[in-house]
Amino acid sequence: MTIVNLCKASTADDLVAVVDRLSSCSLSESQETSSSSSSSDLSSSFQRDGFVVFHNALHQSDVSILQDRLEEVLRGEFDRRQAPDKLPKSLLNTKRRYKTGKEMAPLGYDGKSQNNRVLQIINIHKCDTKFRELAVSSEIGEMVANLAGWTNGCRLAQDQVWAKPPGARPIVFHRDSPYFMFSPDDVVTVWIALDDMDAELGPLEYVRASHKWGDGRVGSSNSFFQSDNGMNLLLSAARLEGITDPETSLQIISTAGLRAGGISIHHGKTWHGSGRNNSTNRPRRGLGLHFVPAEVRFTIDARKSKLWSCYIPENVSDEDLKTADLSEEDFPIVWKPSNDDDREIRL
């Protein structure tokens, strides 16, 4: 069982101090800027800034297992006997070793850093036991519910692996909430680093307090990957918010310095993105877990979505959809105030 430790936390102010120190200290030394904040302090920071960070949440042995399992999944090896909802085809049915016996680099990297694509897997928890254990962690679920103020608990809506080989492009700044069609519409994302987030790898970056901006959406998922620095949608949204000179006035805070096994938790409306992986030989791998309140139901618009319509039976009317229960297998409740949840069924 994967053990999650959420005792060592950092706020936005702590991360600013870390980034300031990275130029003059080692990656491990930079982690000293953290605190064991109380639940109320963390909740206040989350509500103010739109995110918090937890260091060393996963043991390195668990991180190594997850890295290894990711390589197997990318090659079509599923120990839960079903496929994820989305899987890149580039490594399917390939071997992890060359004919010479030498093991292939992570993510199938062949030493060429030009035009390497970001690899995305959707709902890896469906196909792999180790990722499933992590996705339904009650420790993570309880922290999410406490930070978000969800009194009925929380439910896993989806997970996504984002894996950048060396040279891979930026991921555009965006919000998570518009992609989830549930009522109520609250979303919280937990992002788990599977590599040490050195600055050159393109670590996750947050726009501080941007979760307080209006709900207007700019752009679409079609522009999720950009050949530039991925800032176009963000700058447009900031201008719509009435922010002048967003190129210089926004406070963008990097998670550079976060070690493998570290976790960040952000509000679904917090703008975030990540830069190009400028390393010549190191992957940048991360897992995003998207949570919603335990009591959510699908909206009518979910019927029109390629992502969500497959979970809605055709014989359920629009009126009944408002009260129809979600599948516990596909959308497991990971934590609720009582301790009566049956974790054996979920796993």
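Note that the coordinates shown come from a computational prediction; the quantities given were computed from them, not determined experimentally.

A. Structural detail: the pattern of salt bridges. By the definition in use, this model includes 23 salt bridges. A salt bridge links Arg 80 to Glu 329; the nearest nitrogen and oxygen atoms lie 3.4 Å apart. Residue Arg 80 is located in the loop between helix 4 (60–74) and strand 3 (119–122), and its partner Glu 329 is located in the loop between helix 9 (318–321) and strand 14 (333–335); the two are separated by 249 residues in the primary sequence. Glu 329 sits in the partly exposed class, given a relative accessible area of 34%. Salt-bridge contacts for Arg 282 lead to Asp 198; the nearest nitrogen and oxygen are separated by 3.4 Å. Taken together, the positions of Arg 282 in the loop between strand 11 (272–274) and strand 12 (284–293) and Asp 198 in the loop between strand 7 (188–193) and strand 8 (204–207) put the pair 84 residues apart, joining distant regions of the chain. Connected through salt bridges with shared partners, the residues Asp 13, Arg 48, Asp 49 and Arg 208 form a single ionic network.

B. Summary view of helix 3 (residues 39–49). Leu 42, Ser 43, Ser 45, Phe 46 and Asp 49 are the residues of helix 3 that are buried. Around the axis of helix 3, the buried residues are gathered within 160 degrees of arc, so they sit on the same side. Backbone geometry just downstream of helix 3 places Gly 50 in the positive-phi region, at approximately 95 degrees.

C. Spatial organisation of the sheet that holds strand 11. Sheet architecture is open: 4 strands sit in the order 5-11-8-9, paired in antiparallel fashion. Two strands in the sheet have a free side with no partner beyond their single neighbour: strand 5 (171–174) and strand 9 (252–254). Neighbour-to-neighbour, the strand axes of the sheet open up by a mean angle of 25 degrees, direction not taken into account. Where strand 8 lies against strand 11, 3 bridges are found, and the strand directions are antiparallel. In the strand pairing of strand 11, Glu 205 is matched with Gly 273.

D. Here's a closer look at the pairing of strand 8. Pairing of strand 8 with strand 9, which is carried by 3 bridges, proceeds in the antiparallel orientation. Its bridge partner lying in strand 9, Tyr 206 is registered against Ile 253.

E. Expanded view of the packing of helix 3 against helix 6 (residues 138–148). At a closest axis distance of 8 Å, the pairing of helix 3 and helix 6 adopts a crossing angle of 65 degrees. Judged by the sense of rotation from one axis to the other, the crossing of helix 3 with helix 6 is right-handed. Packed against helix 3, whose contacting residues are Ser 39, Leu 42, Ser 43, Phe 46 and Gln 47, the element helix 6 presents Met 143, Asn 146, Leu 147 and Ala 148 at the interface. Here the residues of the contact of helix 3 with helix 6 sort into 5 nonpolar, 4 polar and no charged.

Thresholds applied
- Residues numbered from 1 in each chain as written.
- Predicted model: local features only at pLDDT ≥ 70, side-chain atom pairs only at ≥ 80, totals over all residues.
- Heavy atoms only, no water.
- Salt bridge = Lys/Arg side-chain N within 4 Å of Asp/Glu carboxyl O.
- Helix = DSSP H or I, 4+ residues; strand = E, 2+ residues; numbered from the N terminus.
- Buried < 20%, exposed > 50% of the residue type's maximum accessible area, 1.4 Å probe, protein only.
- Arc of directions from axis to C-beta.
- Pairing = 2+ DSSP bridges.
- Axes fitted to C-alpha atoms, helices over the stretch in contact; angles between N-to-C directions.
- Left-handed = near helix turned anticlockwise from the far one by under 90°.
- Contact = heavy atoms within 4.5 Å.
- Nonpolar A, V, L, I, M, F, W, Y, C, P; charged D, E, K, R; others polar.

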